[in-house]
Structure formats: C-alpha cells, structure tokens
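# Working through the structure, step by step
Listed below, chain by chain, are the residues.
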Amino acid sequence: NNPPWPAFRGYHEYSFAHATMGVRLPTILGKAIDDTSRTLNEQSAEDRVIDLVECLERMDALMADLSGNAKLRPIIDDGEGDVALWNKEIAKYFQGKDFMNAPWLFAEAYKYRRLHECFSVSKHWKDYDVFYRQKCDTFSRSSDAVFELSMRFAEPFRQSETISDEEKAEAERLMFLELTQVCLWGNSTDLSLLINMTEEQIKSLQSTGGDHLAATEKNILGNHLNQLWDSVKDLREKTGGRIDFVLDNAGFELYCDCVYADFLIQSGLAKQVRFHGKRYPWFVSDVTRKDWEWLLNTMVYGHLFPKATEAERESLRRLGARWKQYEKDGRWVYEQHPFWCTGYTFWDLHSEAPDLFLHLSRSDLVFFKGDLNHRKLTYDCAAPASTPFDVAIGPMASAPGAPKVCSLRTIKSDVVVGLGDDGDTIAEKLDKEESGWKISGKYAVVLLSEGRPG
Ligand code: F6P
Ligand code: MG
C-alpha cells in the first residue's frame, strides 16, 4: 500500500526536510517556549504557575530531544483520541528511528504531537495554544486584504436582472474561478515559514484583486481549474450537494476559505459545507476550533482594526454575522476528527480511519487546503513531477468510495506532481533557473481527482 518512490527524510540534505528538521523546527519550538514564558510571567495563582513551569520543563526536554536527534518514543496516554494511532504507527514502522532518519512527514508531525503532550498532561494548561497570539496578531495585520474582500462580498451575491441566462452563467463561472484563486493563494501566509513577517510582506502575499489573479494563474503549474468548474457547476441540480474543506491555516487563509464557501452556498452550488480542523495546535498556524470561533466572533464583535472606516467595519460585521447564521442553521458545519493530527499520510486514511473515509465518501467534493495536506495526500515522496495526481494520491483516488478530491496548494516543499506529460521538463527547468521555487510559495497547483464512487 505504499508508493514506489522514497519518502523524504531529515538527513536528505538536498531536500527541504533537512533545513526543516535541523533549523526550522528548533526555531519554532524556541518561539513557543518564549510565548509560554510570557504567559507564565502574567500568572498569579501558585498552582497554575507551578503547573506551567512543568510544561516549560517538558518543552526544554523536547528541545533537547530534537536538537540531539533522539529516538522517537511512544506518546504518553494523555486521553487524546489519537494516542492509539500514534503508538501503533511508531511500534509498527518507526521503532528505533530518530528525528532525522524517520520520514520527514512523520517526524515533523511527531514534534507537534510531543509539543501538545507538554501541555496535555498538565492540570490547568491542557488546551494552551503556544501559537494563538501569533495567529491572532497576523490576522490583525492583514487589514488591507481583509477589507478588500469584505467590502466586496458583504452584500449578498446577486446576478443582474437585465442580463441573459448565458451571461449569468458566464458571470458565475468567472466568479467561481476568481474565488477559487482567492482560496488558493490565501495559503501563502502560513506562519511556520513566515516567522516575523512585516506588514509589507503580508500585504504583498495577500493582494486579491482581479488583475493580480489573472497574472498569478500562470503560476499554477498543474491547473485543473476548468475541470473543477465542470464538476462544481453540476452540483446545483443535486438535492443536498455537499462540499468539504480539510482546512489548513487560521486567520487570513481561513477567512478566504469562508469567503469562497459563502459564495458556494449563496450561488446554490452547495447546500452544505463541512469544515475539518485540528484538535490541537498543529504546524504553527493550522485551524483549531478556538481559531474558528475567534475569527467569526472577532469579525462581528471585535475591535481588531482601529484604523478602519465605519463602512469597512460594518462590512466585516455583516459578513461574520452571515457566516455565524450558516453555522446556526447547519449549512456550515465545523468538525475535528482525531485522524487529522496523526503522522499517517492519507494513503492510510481508508484503513486507519475508516469512519472518516466513509464520512468523506458521502461528500460531493473534498478540498484539501495547503502544503501539509498535499504532502499527506501524495505520501511526501520523490514522485516525478509528471506523475498524474490520481496516481500520486493512491487509495484516496482508487479505494472504493474515494470522493472527488481537489488539492489547493501553494508549493512550499519538495513534492511536486500533476504537472502533465512534460512535467519533468518543467520541473528540471525551474530547478536550473529558479532555485527555491519549491519552497517560495510563488507557485501553486490546483489538482483534481475524480474519485471512485463506492
Ligand atoms: O514544515 C513543513 C511544511 O509542511 C511545509 O511543507 C510548509 O512550509 C509548512 O510546513 C506548512 O504549510 P501549510 O500551512 O501550507 O500546510
Ligand atoms: Mg498549515
């Protein structure tokens, strides 16, 4: 049940795995320790202070394990729904492996699980999120793009009465393509790569205007946008058409996902949208339930943008109020299966989380957002760039019941597939001419697999 290509590992010096395991992860953990110390300094009650100091000691031990390339030990039973899955995978495949010689994808996920364990075994700090401040802060510094979208989309989406049916269909198609790109490029701002971003950097990553999108479409190296539209436009006829988003990052990316999902609901293309988030802090900026609630509530009640005009603030409130209403009436559903925070790739989703696979198989289309989800779909291995997407994702395309899957991903790591028959030439040319093209987030893929109705 494995692909024929080798998975990337930390000791592969040619891969982004090496810099991530050796430098990025210790940096991220160092910042997490700083955040926790800051919280510690704000505490007054002795039992909470002592409890948090113990969390910090466990973080220091994790830092020593990571920097010293220790062997991967089992996860302590802290009552989370994923402990059995973690320890089964460690026992079965990674006995005796360390951070650098285990597959990169697994070792990196394992680090976030161990970080969670530092808190989950405590008394008062089980749900503490070391990345929360950073997530909220980056959204608050994204005002230009946030208001550009809210001013445009607060007013419910309506087609002009005076145009023909063909013109209406074309307007809808163009809107769909534009918002798919908004949703796609929203993925550029994940925080694990952009430590200490300036406001200018955030702005340049988040421009959302139409001209800009036309220019960026040429950076979509594997582009199934038109096939995607062909699939989605047929959904309107279905009673109960359902679209799922396996979410990636909180803040601005989630906001873009919601703008897109709002359009899918308003246009009648989908009757229901289900969002899948993480149960605890994951890969720095991934969405947890708290991030989800924070976004909707800060839009409606928050004072996050003191410099905004009243019209801008009102547009954000209206958008947020509409989204909260979707949630109340069940058109939007937020959920968080334990499988999403494990080290398994999605090649194992059908066998290790059959309930989740069955649940997804009932969806008409499942969007997987971002780089990590793409790595998990493709097994994070050295597949040639010409590999067709449905081959690269194995059982997620071929197992009976596999849903239609679409990966919306800006390219931020080694694995690149789905570039078409001349994909290997394209990749070789970029390797020669633009070193770093696989980690810059400048390029993207929009790849579709038709699935296999069960
Ligand atoms: O650190 C590895 C990684 O998965 C990269 O591939 C990517 O840079 C980042 O973490 C997460 O990106 P995303 O939020 O888009 O999944
Ligand atoms: Mg992420």
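All figures in this text were calculated on a predicted structure; none of them were measured in a lab. Position labels on residues start from 1 in each chain and follow its written sequence. All chains are assigned letters beginning at A, and all ligands numbers beginning at 1, according to the order in which they are written. Local features in a predicted model are, by the rule used here, given only for residues with pLDDT of at least 70; side-chain atom pairs are given and counted only at 80 or more, and totals for whole chains, interfaces and linings are based on all residues. To obtain the side-chain values, all non-hydrogen atoms of the structure were included, while hydrogens and water were left out.

### Focus: the site of ligand 1
What counts here: Proximity is defined per residue: any heavy atom of the residue falling within 4 Å of a molecule or strand makes that residue near it. A 3.5 Å cut-off defines polar contacts: any pair of N or O atoms within that distance qualifies, except that in protein one atom must be a possible hydrogen donor and the other a possible acceptor, and neighbouring residues in sequence count only when both atoms are side-chain atoms. Each accessible area is a Shrake-Rupley estimate made with a 1.4 Å probe; only the visible protein chains count as cover when residues are assessed. We call Asp, Glu, Lys and Arg charged. Ala, Val, Leu, Ile, Met, Phe, Trp, Tyr, Cys and Pro are nonpolar, and the rest, Gly among them, are polar.
Taken together, 17 residues lie around ligand 1, and E108, D248, D371, L372 and R375 are the ones closest in. D248 is positioned with one of its side-chain polar atoms (N or O) 2.8 Å from an oxygen atom of ligand 1. In the environment of ligand 1, an oxygen atom lies 2.2 Å from a nitrogen or oxygen atom belonging to the side chain of D371. Here ligand 1 has 390 Å² of accessible area as a free molecule, and 100% of this is covered by the chains. For the shell around ligand 1, the per-class residue count stands at four nonpolar, six polar and seven charged.

### Some points on helix 13 (residues 310-328)
For clarity, the threshold we go by: Every helix listed is a DSSP run of H or I at least four residues long, and every strand listed is a run of E at least two residues long, numbered separately from the N terminus. An expected span of 1.5 Å times one less than the residue number is assigned to each helix. Remark: exposure states derive from per-residue accessible area (1.4 Å probe, protein chains only) relative to the maximum for the residue type, with buried under 20%, exposed over 50%, and partly exposed in between. Throughout, the arc means that of the directions going from the helix axis to the C-beta atoms. The contact criterion used is simple: two residues touch if any of their non-hydrogen atoms lie within 4.5 Å.
With 19 residues, helix 13 extends 27 Å from end C-alpha to end C-alpha; this agrees with the ideal 27 Å at 1.5 Å per step. Here helix 13 has its buried residues at S315, L316, L319, G320, R322, W323 and Y326. Each buried residue of helix 13 lies within a common arc of 155 degrees when the element is viewed along its axis, so the set occupies one face. Where helix 13 is buried, its residues touch helix 6 (143-153), helix 11 (252-266), helix 12 (289-301) and strand 4 (332-335). Within two residues after helix 13, G330 carries a phi angle of roughly 80 degrees, on the positive side.

### Observations regarding the coordination of the magnesium ion (ligand 2)
The condition that has to hold: A 2.8 Å cut-off from the metal defines N, O and S donors, relaxed to 3.2 Å for Na, K and Ca; water is not in the atom list, so some sites may appear incomplete.
The protein atoms that coordinate the magnesium ion (ligand 2) are D248 (OD), N249 (OD1) and D286 (OD), at distances of 2.1 to 2.2 Å. For D248, a relative accessible area of 5% puts it in the buried group.

### As for the environment of D165
If you trace the backbone, D165 turns up in helix 7 (residues 165-185). Once the C-alpha coordinates of D165 and H374 are considered, the two residues, 209 residues apart in sequence, prove to be 37 Å apart.

### Comments concerning the pairing of strand 6 (residues 405-410)
To be explicit about the condition: At least two bridges found by DSSP between two strands are what make those strands a pair.
Across the six residues of strand 6, six count as buried, placing the element largely inside the fold. Residues V405, S407 and R409 line one face of strand 6 and the alternating positions C406, L408 and T410 line the opposite face, and both faces are buried. Bridge analysis of strand 5 (residues 365-369) against strand 6 gives four bridges, and the strand direction is parallel. Bridging from a neighbouring strand, V366 pairs with V405 of strand 6. As judged from the six bridges shared by strand 6 and strand 7 (residues 444-449), these two strands associate in the antiparallel manner. Bridging from a neighbouring strand, T410 pairs with A444 of strand 7.

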